[in-house]
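# Structural overview
Now for the letters of each chain:
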Amino acid sequence: MIEQNDWRLTNQLKYLKGLTFYRKTYTKYRDDWDHDHCEFCWAKFMEQPHDALHEGFATEGNYRWICKECFEDFKDMFEWNVVS
Ligand SMILES: [Zn+2]
């Protein structure tokens, strides 16, 4: 069970609670973008062949990304919906 004082929690409850996430391969949010970070632990996502995470959970439009580990840890607290 995740504690409310987990180091990864900042103010994400204000903007990530109850959202729908899609499990997918990382793709850039825009063409002039090259990476994103997990909203919680700040792990880096990049497209292949870069050395970073290549898969995770994203909101519609690939705007926000969460790594698998953080997603598992926080999904109950944040009441997320998952589309795979
Ligand atoms: Zn993470």
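Our subject in this report is the structure included herewith. (Residues numbered from 1 in each chain as written. Predicted model: local features only at pLDDT ≥ 70, side-chain atom pairs only at ≥ 80, totals over all residues. Heavy atoms only, no water.)

This paragraph deals with the pattern of salt bridges. Applying the stated criterion across every chain, the model contains eight salt bridges. R8 serves as the salt-bridge partner of D73, at 3.0 Å between the closest nitrogen and oxygen. Of this pair, D73 sits in helix α2 (residues 68-78) while R8 sits in the segment before α1 (13-16); the two residues are 65 residues apart in sequence, bridging distant segments of the chain. Relative accessible area serves as the criterion here: at 27%, D73 is assigned to the partly exposed category. According to the relative accessible area criterion, R8 is buried, its value standing at 8%. Its salt-bridge partner being E39, residue R64 comes within 3.4 Å of it at the nearest N-O pair. Here R64, found in the loop between β4 (55-58) and β5 (65-66), pairs with E39, found in the loop between β2 (36-37) and β3 (44-45); they are 25 residues apart in sequence, far enough to count as distant. According to the relative accessible area criterion, R64 is partly exposed, its value standing at 22%. Linked by salt bridges that have partners in common, D6, R8 and D73 make up one network. (Salt bridge = Lys/Arg side-chain N within 4 Å of Asp/Glu carboxyl O. Helix = DSSP H or I, 4+ residues; strand = E, 2+ residues; numbered from the N terminus. Buried < 20%, exposed > 50% of the residue type's maximum accessible area, 1.4 Å probe, protein only.)

None of the figures reported here should be taken as evidence of function without further support.
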